[in-house]
Amino acid sequence: MNQPARSNVSVRQLQAFVALAEQRSFTRAAAQCHLSQPAFSALIGQLEAAVGLRLFDRSTRHVAPTPEGLEFEASARRVLAEFDAALAGVSDQLALRRGRVSIALLPSLAAGWLPGILRDYRAAHPGVEITVADVLSEPCVELVRQGQADFALAAVRADTQELRAEPFCSDDFHLVCPADHPLARLRDIRPRDVAAYPFVHMARSSSVRQYLDAALHPLQMQTLMEVDQLATAMGMVRAGLGVSMMPALTLFHFAQPGLVTRPLAWSGLKRRIYLVRRRERSLSLAAQDLYERVKANPPSLALAA
């Protein structure tokens with residue numbers, strides 16, 4: 001026994017069915033669907049053949065759903081409602097009225113530079129859900145690799161078969177110390193000058209520490225302590241426990257009474273930030289719009305310093 005070809009049922013056939021169930025007239029239903037009556041009748045016939053049931057009783061004066069047709073009507077209306085909702089959702093996505101975007105980036109960028117970008121983005125697309133992961137470089141890259149972030153800003157060049165990294169910006173390092181510290185009075189600060197005083201280091205997992213270690217090797221600082229948070233480093237330096245060196249994009253943390261910063265023009269001491277995303281994977285429209293805004297508006301280092 002042949003099974004009904006249910007997979008051949010089309011949205012157009014369901015729309016014709018609902019119109020006929022409402023109008024109880026092939027002429028009126030065909031007009032409502034903007035079809036000729038023969039074309040409309042063919043749609044109804046094709047639908048009945050596909051489901052394997054007679055859905056309407058017909059006479060020269062009367063058209064009405066059969067009991068099976070009445071039962072089918074509820075399902076047809078539900079399918080059409082879901083279809084309309086799906087189309088509306090796609091339209092909302094296209095218009096960037098809804099959507100979701102996730103960005104991972106260094107905490108210093110997340111606190112100092114990103115809020116202005118997101119303020120403008122949010123004003124343009126208030127319905128888009130935004131997720132921000134303010135984590136160190138390696139976790140940033142891993143979130144993109146795992147698909148949990150659409151793109152990232154990290155201080156590592158993560159060019160792999162899966163990921164693409166392109167230069168975004170760079171920042172020089174600055175000495176951070178109390179205003180009355182002897183280093184604050186020097187015109188030209190050399191590495192060995194800084195090495196003569198207790199030093200507050202960032203954790204070894206941070207991009208700040210990794211860039212410093214690479215640039216200063218084999219010189220060793222007088223490490224007083226290692227901390228995870230920039231705010232903690234600021235507090236230690238402000239208390240006069242030691243000095244530190246920080247990239248320009250972090251200096252807003254150190255804009256505190258009693259502290260000064262001094263630029264360090266040392267060879268190799270420059271931190272580079274990369275824009276990281278997955279290769280050969282399209283971003284959603286919401287994510288693509290934020291990506292383009294980020295790319296077009298790198299931080300102003302004049303303001304950062």
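The present account deals with the structure reproduced in this document. (Residues numbered from 1 in each chain as written. Predicted model: local features only at pLDDT ≥ 70, side-chain atom pairs only at ≥ 80, totals over all residues. Heavy atoms only, no water.)

## A word on the pattern of salt bridges
Part 1: If you walk through the whole model with that rule in mind, you get 17 salt bridges.
Part 2: For the salt bridge of Arg 77 with Glu 73, the shortest nitrogen-to-oxygen distance reads 3.0 Å. Taken as a pair, Arg 77 and Glu 73 lie in helix H4 (residues 67–94) at a separation of four residues, close to a single helical turn.
Part 3: Between Arg 209 and Asp 213 there is a salt bridge, with the nearest N and O atoms lying 3.1 Å from each other. (Salt bridge = Lys/Arg side-chain N within 4 Å of Asp/Glu carboxyl O. Helix = DSSP H or I, 4+ residues; strand = E, 2+ residues; numbered from the N terminus.)

## Quick notes on unusual backbone geometry
Part 1: With an omega of 10 degrees, the peptide bond running from His 217 to Pro 218 counts as cis.
Part 2: Position of Pro 218 relative to the elements: it lies in the loop between helix H9 (207–216) and strand E8 (222–227).
Part 3: Here His 34, not a glycine, exhibits a phi torsion of approximately 60 degrees, which is positive.
Part 4: Take His 34: it is sitting in the loop between helix H2 (26–32) and helix H3 (37–51).

## Description of H3
Part 1: In this model, H3 (15 residues) spans 21 Å end to end at C-alpha, consistent with the 21 Å of a helix rising 1.5 Å per residue.
Part 2: All of the buried residues along H3 are Phe 40, Leu 43, Ile 44, Leu 47, Glu 48, Ala 50 and Val 51. Summarising the axial view, the buried residues of H3 lie within an arc of 165 degrees, below the 170-degree limit, and thus occupy one face. For H3, the exposed residues set more than 90 degrees away from the buried face come down to Pro 38 and Ala 49.
Part 3: One or two steps after H3, the chain reaches Gly 52, where phi turns positive at roughly 75 degrees. (Expected span 1.5 Å × (residues − 1). Buried < 20%, exposed > 50% of the residue type's maximum accessible area, 1.4 Å probe, protein only. Arc of directions from axis to C-beta.)

## A few points about the side chain of Asp 289
Part 1: Positionally, Asp 289 belongs in helix H11 (residues 285–296).
Part 2: Since its relative accessible area comes to 18%, Asp 289 is described here as buried.
Part 3: Contacts of Asp 289, omitting those with residues within four sequence positions, involve Leu 96, Tyr 121 and His 125. (Contact = heavy atoms within 4.5 Å.)

## Focus: the environment of Ser 207
Part 1: Position of Ser 207 relative to the elements: it lies in helix H9.
Part 2: Residue Ser 207 is classed as buried on the basis of its relative accessible area of 5%.
Part 3: As a C-alpha pair, Ser 207 and Ile 273 span 66 residues in sequence and 9.7 Å in three-dimensional space.
Part 4: Not counting chain neighbours up to four residues away, the residues in contact with Ser 207 comprise Leu 106, Ser 137, Ala 155 and Arg 271.

## A short note on helix H1 (residues 11–23)
Part 1: With 13 residues, H1 extends 18 Å between its outermost C-alpha atoms, agreeing within 8% with the 18 Å of an ideal straight helix rising 1.5 Å per residue.
Part 2: One or two residues past the end of H1 sits Arg 24, with phi positive at roughly 55 degrees.

## Some points on the side chain of Glu 73
Part 1: Assessed through its relative accessible area of 15%, Glu 73 is described here as buried.
Part 2: Apart from residues lying up to four places away in sequence, Glu 73 is in contact with Phe 17 and Ala 21.

## A few points about the environment of Ile 273
Part 1: Looking at where Ile 273 falls in the secondary structure, it is placed in strand E11 (residues 270–278).
Part 2: Discounting residues that sit within four places of it in the chain, Ile 273 has contacts with Leu 106, Leu 109, Leu 153, Ala 154, Ala 155, Glu 166, Pro 167, Phe 168, Cys 169 and Leu 249.

## Some thoughts on the nonpolar core
Part 1: Ranked by size, the top nonpolar core spans 59 residues in total, and within it Val 194, Met 245 and Val 294 carry the most contacts.
Part 2: If you tally residues by element for this core, the top one is strand E6 (residues 163–178), at six residues.
Part 3: Lining this core are residues from two domains, each supplying at least three of them: domain 2 (99–169 + 271–296) and domain 3 (171–270).
Part 4: Not counting residues within four places of it along the chain, the set of residues in contact with Val 194 comprises Leu 175, Leu 183, Ile 189, Phe 199, Met 221, Val 243, Met 245 and Trp 266.
Part 5: Of all hydrophobic cores here, the second largest spans 21 residues; its members include Ala 16, Ile 44, Leu 55 and Val 63. (Core = buried A, V, L, I, M, F, W, Y, C linked by side-chain atoms within 4.5 Å. Domains from an automatic or database assignment.)

## Quick word on the packing of H1 against H3
Helix-helix packing is characterised by the crossing angle of the two axes and by the distance between the axes.
Part 1: Where H1 meets H3, the axes come as close as 9 Å, and the angle between the chain directions of the two elements is 105 degrees. Classified by the angle between their axes, H1 and H3 sit roughly perpendicular to one another. Where H1 abuts H3, its residues Arg 12, Gln 13, Leu 14, Ala 16, Phe 17 and Leu 20 lie against Phe 40, Leu 43, Ile 44, Gln 46 and Leu 47.
Part 2: Of the residues that constitute the contact of H1 with H3, the class distribution is eight nonpolar, two polar and one charged. (Axes fitted to C-alpha atoms, helices over the stretch in contact; angles between N-to-C directions. Parallel < 35°, antiparallel > 145°, perpendicular 65-115°, else oblique. Nonpolar A, V, L, I, M, F, W, Y, C, P; charged D, E, K, R; others polar.)

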